[in-house]
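The lines below spell out each chain.
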Amino acid sequence: MRCVVYRGVGGPEVVAIEARPDPAPGRFEVVIAPPFAGVNPADVLQREGRHPVPAGWPADVPGLEVAGPVVGVGEGVSAFAPGDRAFGLVAGGGMAERVRALEHHLLPVPDALDARAAAAVPQAFLTAFDALVVQGDLVAGDTVLVNGASGGVGTAAVQIAHALRARGVAAVRTPERRGAVAALGATALDGEAACAAVRELGGADVIVELVGAPNMPGNLDALARGGRLVVVGARPGDEAHVPLRDLMSRRARLIGTTLRTRPPEEKAALIQAFGHRMLPLLADGALVPLVDRVFPLAEAAAALEHVRRPGKLGKVLLELPEAGPGA
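Rules and cut-offs
- Residues numbered from 1 in each chain as written.
- Predicted model: local features only at pLDDT ≥ 70, side-chain atom pairs only at ≥ 80, totals over all residues.
- Heavy atoms only, no water.
- Helix = DSSP H or I, 4+ residues; strand = E, 2+ residues; numbered from the N terminus.
- Rg over C-alpha atoms; globule rule 2.2 N^0.38 Å.
- Buried < 20%, exposed > 50% of the residue type's maximum accessible area, 1.4 Å probe, protein only.
- Contact = heavy atoms within 4.5 Å.
- Areas by Shrake-Rupley, 256 points an atom, 1.4 Å probe, with all protein chains shown as cover.
- Lys, Arg positive; Asp, Glu negative; His and termini not counted.
- Charge placed at Lys NZ, Arg CZ, Asp CG, Glu CD.
- Pairing = 2+ DSSP bridges.
- Axes fitted to C-alpha atoms, helices over the stretch in contact; angles between N-to-C directions.
- 1 Å grid on protein atoms, 1.4 Å probe; cavity = no way out; pocket = protein on both sides within 12 Å on 5 of 7 lines; lining within 4 Å.
- Points joined across faces, edges and corners; volume = space filled by probe spheres on them.
- Nonpolar A, V, L, I, M, F, W, Y, C, P; charged D, E, K, R; others polar.
- Salt bridge = Lys/Arg side-chain N within 4 Å of Asp/Glu carboxyl O.
- Phe/Tyr/Trp six-rings, centres within 6.5 Å; stacked < 30°, edge-to-face > 60°.
- Lys NZ or Arg CZ within 6 Å of the ring centre and 35° of its normal.

Caption draft 1: Just the overall build of the protein chain, in detail. Looking only at helices and strands, the protein chain features eleven helices and 16 strands. The C-alpha atoms of the protein chain give a radius of gyration of 19 Å, which matches the 20 Å a tight globule of 327 residues would have. Seen through its C-alpha atoms, the protein chain measures out along the principal axes to roughly 55 × 40 × 35 Å. The buried share among the 327 residues of the protein chain stands at 54%. Taking the intrachain contacts of the protein chain between residues at least 6 apart in sequence as the baseline, contacts between residues at least 24 apart amount to 70%. Of the accessible surface of the protein chain, which amounts to about 13500 Å², a share of 53% is contributed by carbon and sulfur atoms. Placing the 32 positive and 35 negative side-chain charges of the protein chain at their respective mean positions leaves the two points 4 Å apart.

Pasting the structure below:
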């Protein structure tokens, strides 16, 4: 198989494409041949040596997710067979033509999703679902503020909030992207105007923070009583001043969350909950994965640079043309 490899720590110069032996599935594992691979900001942090890889996963092959046909199953696997389409999370090695994954970290791909759309789901929609529903306790009628709403996770969060009948306000820095984000089911504004709009609605019950420290003062002002501020994205070294008395008086909660480093059993529980609540919405078109741009595998270094630039609308993908039959 071919895969993206980091030949050390650094910038685009350490990114290479190499041929490696195909992985073999272990007990309760499957091997998938993905037609596309998702590209995430965490992959760039890993390249820079600022996002450690959990033990047992490829340390030099990035990629946090997988989607495609199953081409091999290990002992004890009962949910998937060769030829089935599956998608889900991995803790490394996702940017490859063959990807090893744990059976319980995968879900069946709905027939309504083609290969490209399926590849745009796992990391983005699971992160958004975790932030809104699992961490944020979102219920119908809540007011939601999504900061950084035009990227993969942001567009997923806006759609999930809308599908669950919450009132969505989206902070979108790039004016040209606001119309597209608004069409997903939210009021799309610049950051300051979004916070003001939320305050006029009585405050945000859930805030999904995808940018980091610069938004924290406005977030705290925009929280409703009992509100939940869920921090999903931040730059390394980000720091924010939090007036604790304000947090106390609002009876608010400040929550940090990430997926990659969770214990396998917690990750499996999240994925199964997502399957129960969100797969039907993906199947009937209520949730639509957006793709900003697709890069060929040979341009992996450029894709990694693109993913951290502002102004994207949806997910960044790598195309893996030799993924194999059934793609």
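Caption draft 2: Looking closely at the sheet that holds strand 10 (residues 167-171). Reading across from one edge, 11-10-9-12-13-14 is the order of the six strands in this open sheet, with parallel pairing throughout. The open sheet has two edge strands, strand 11 (187-189) and strand 14 (253-256), and neither has a second partner. Averaged over all pairs of adjacent strands, the angle between strand axes in this sheet comes to 15°, irrespective of strand direction. Strand direction decides the pairing type here: strand 13 (residues 223-231) and strand 14, joined by four bridges, are parallel. In the strand pairing of strand 14, V230 is matched with I255. Lying over the sheet, helix 3 (residues 122-135) contacts strand 9 (143-147), strand 12 (204-209), strand 13 and strand 14, oriented at roughly 150° with respect to strand 12.

Caption draft 3: Region of interest: empty space enclosed by the protein. With the rule as written, the count across this model stands at two cavities of 30 Å³ or more. Quantified by volume, the second largest cavity comes out at close to 40 Å³. Around the second largest cavity sit F87, G88, L107, V121, P122, L126 and F274, which together line it. For the lining of the second largest cavity, the elements supplying multiple residues, two or more each, are strand 6 (85-89) and helix 3. Partitioning the lining of the second largest cavity into residue classes produces six nonpolar, one polar and no charged.

Caption draft 4: Spatial organisation of the pattern of salt bridges. Under the counting rule described, the total for this entry stands at 15 salt bridges. Between E305 and R47 there is a salt bridge, with the nearest N and O atoms lying 2.8 Å from each other. With E305 in helix 11 (residues 300-307) and R47 in helix 1 (residues 41-47), this residue pair connects regions lying 258 residues apart in the sequence. For E305, a relative accessible area of 22% translates into the label partly exposed. Judged by relative accessible area, which is 2%, R47 ranks as buried. Salt bridges sharing partners connect three or more residues here, namely R47, E48, R50, E305 and R308.

Caption draft 5: Representation of the packing of aromatic side chains within the structure. Here the structure, examined in full by the defined rule, presents one aromatic pair. Relative to F274, the ring of F129 lies with its centre 5.6 Å away and its plane at 80°, an arrangement referred to as edge-to-face. Residue F129 is found in helix 3, and its partner F274 is found in helix 9 (residues 264-277); the two are separated by 145 residues along the sequence. The buried category is assigned to F129, whose relative accessible area is 1%. Among the residues examined, F274 registers a relative accessible area of 2% and is labelled buried. Here R100 stacks its cationic end above the ring of W57, 4.8 Å away from the centre of that ring.

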